[in-house]
Amino acid sequence: MEHSETQGRPSEARSRLLGTATRLFYAEGIHSVGIDRIVAEAQVTRATLYRHFPGKEDLVLAYLTEAGRAVEAQIEAAVAAGSPAADTVRAISRSIAHGIRTSEFRGCAFLNAVAEYPDPAHPVHRAVIEHRQWFLEVMTDLLSRIREEPAEPAARHFVMLRDGAMTAGCLHDPELVCETFLRGVNGLLQAHAVDQTGRSA
């Protein structure tokens, strides 16, 4: 018998459904994984699925929410060390590189999702854009602690470096990709720390 949601905690069935969907969506793609397979592998009924997630779109959005929380945890861990901003950015970069080196790495969950939902009006597409805007703002804030201007262009540069590494990481040698990514981040930080007169921040 499946547990119901009590005291604000998700039920065991919901956790199994979301965990199964997360694993399958990330490894195989969203459109290629059907509801029947998720139900079978999570060992729940279709009625249970629809009680927690009225449609597949709701399950996809929950999957992206979980992916976003993982990124938030990654950043929070780096910030919690209390290091200078440049070292925090380097720590975030090393964490990204660590993920790329893992055997289960299949690229960025958000870039993968938006490729399957190209319509800008679709809720999944909007969720990806919202996450990316949040990530850009976080990096802009960190880089502004090194030098306030021009922090946003530097943050956009960082995001592009990260996107390139996440894309190349499942196409080429992860070690070379990560080495290139981390070298690029160091170069960006060095350039950002120097103003137009050549003075360091």
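Data block above holds the structure.
Residues numbered from 1 in each chain as written. Predicted model: local features only at pLDDT ≥ 70, side-chain atom pairs only at ≥ 80, totals over all residues. Heavy atoms only, no water.

A few points about the side chain of His131
How we decide: Numbering of helices and strands runs from the N terminus; a helix is a DSSP stretch of H or I covering at least four residues, while a strand is a stretch of E covering at least two. Every residue pair with non-hydrogen atoms within 4.5 Å of one another is taken to be in contact.
Mapped onto the secondary structure, His131 falls in helix α7 (residues 123-144). Among residues more than four places away in sequence, those in contact with His131 are Gly68, Val71 and Phe110.

Digging into the environment of Phe135
Here Phe135 lies in helix α7. Sequence separation of Phe135 and Leu61 is 74 residues, and the distance between their C-alpha atoms is 17 Å. Non-local contacts of Phe135, meaning those with residues more than four positions away in its chain, are made with Val71, Ile75, Phe158, Val159 and Arg162.

What to know about the nonpolar core
Keep this limit in mind: Throughout this description, the term nonpolar core refers to a set of buried Ala, Val, Leu, Ile, Met, Phe, Trp, Tyr and Cys residues connected via side-chain atoms within 4.5 Å. With a 1.4 Å probe rolled over the protein chains alone, any residue whose accessible area is under 20% of its type maximum counts as buried; one over 50% counts as exposed, and the rest are partly exposed.
Counting 60 residues, the largest nonpolar core has Phe25, Met139 and Phe158 as the members making the most contacts within it. Put simply, the parts of the chain that give this core at least two residues each are α1 (12-28), α2 (35-42), α4 (56-80), α5 (85-101), α6 (109-116), α7, α8 (151-168) and α9 (174-192). Among the elements that take part in this core, α4 stands out by supplying nine residues, more than any other.

Some thoughts on the layout of surface pockets
Leftover empty space is mapped by rolling, across the atoms, a probe with the size of a water molecule. The condition that has to hold: Using protein atoms alone on a 1 Å grid, points that fit a 1.4 Å probe yet trap it form a cavity, whereas open point sets bounded by protein on both sides within 12 Å along at least five of seven lines form a pocket; residues with an atom within 4 Å of a point count as lining. Grid points are joined across faces, edges and corners, and a volume is the space filled by probe spheres set on the points. For this scheme, ten residues count as nonpolar: Ala, Val, Leu, Ile, Met, Phe, Trp, Tyr, Cys and Pro. Four count as charged, namely Asp, Glu, Lys and Arg, and the remainder, Gly too, count as polar.
Within this model, the largest pocket holds a volume of roughly 630 Å³. Lining the largest pocket are 27 residues, and of these Tyr26, Ala70, Val71, Gln74 and Met166 sit closest to its centre. Among the elements of the structure, α1, α4, α5, α6, α7 and α8 are those that each provide at least two residues to the lining of the largest pocket. Tallying contributions element by element places α4 first for the lining of the largest pocket, with six residues. Taken as a whole, the second largest pocket spans an internal volume of roughly 160 Å³. Around the second largest pocket, the lining residues are Leu61, Leu64, Thr65, Gly68, Arg69, Glu72, Phe110, Ala127, Glu130, His131 and Trp134. Those elements giving two or more residues to the lining of the second largest pocket turn out to be α4 and α7. Ranked by the residues each element gives to the lining of the second largest pocket, the list is headed by α4, at six residues. Looking at the lining of the second largest pocket residue by residue, the class counts come to five nonpolar, three polar and three charged.

Re unusual backbone geometry
Excluding glycine, residues mostly carry a negative phi; peptide bonds, for their part, are mostly trans. A positive phi angle, near 60°, is found at Gln43, a position not held by glycine. Within the secondary structure, Gln43 sits in the loop between α2 and α3 (46-52).

Some words on α9
Rules: Helices are assigned an expected span. That span is 1.5 Å times one less than the residue count. The reported arc concerns the directions from the helix axis to the C-beta atoms and nothing else. In protein, a polar contact means a hydrogen-donor-capable atom and an acceptor-capable atom, both N or O and within 3.5 Å, with residues adjacent in sequence counting only if both atoms are side-chain atoms; elsewhere, any N or O pair within 3.5 Å suffices.
Counted at 1.5 Å a residue, the expected span for α9 with its 19 residues is 27 Å, and the 26 Å between its end C-alpha atoms agrees. The set of residues buried in α9 consists of Val177, Cys178, Phe181, Val185, Leu188, Leu189 and His192. For α9, the angular spread of buried residues about the axis comes to 100°, placing them on one side. The exposed set on the far side of α9, more than 90 degrees from its buried face, consists of Gln190 and Ala191. Its buried side turned inward, α9 meets α5, α7 and α8. One side-chain oxygen at the N-terminal end of α9 lies 3.0 Å from the backbone nitrogen of Glu175; it belongs to Asp173.

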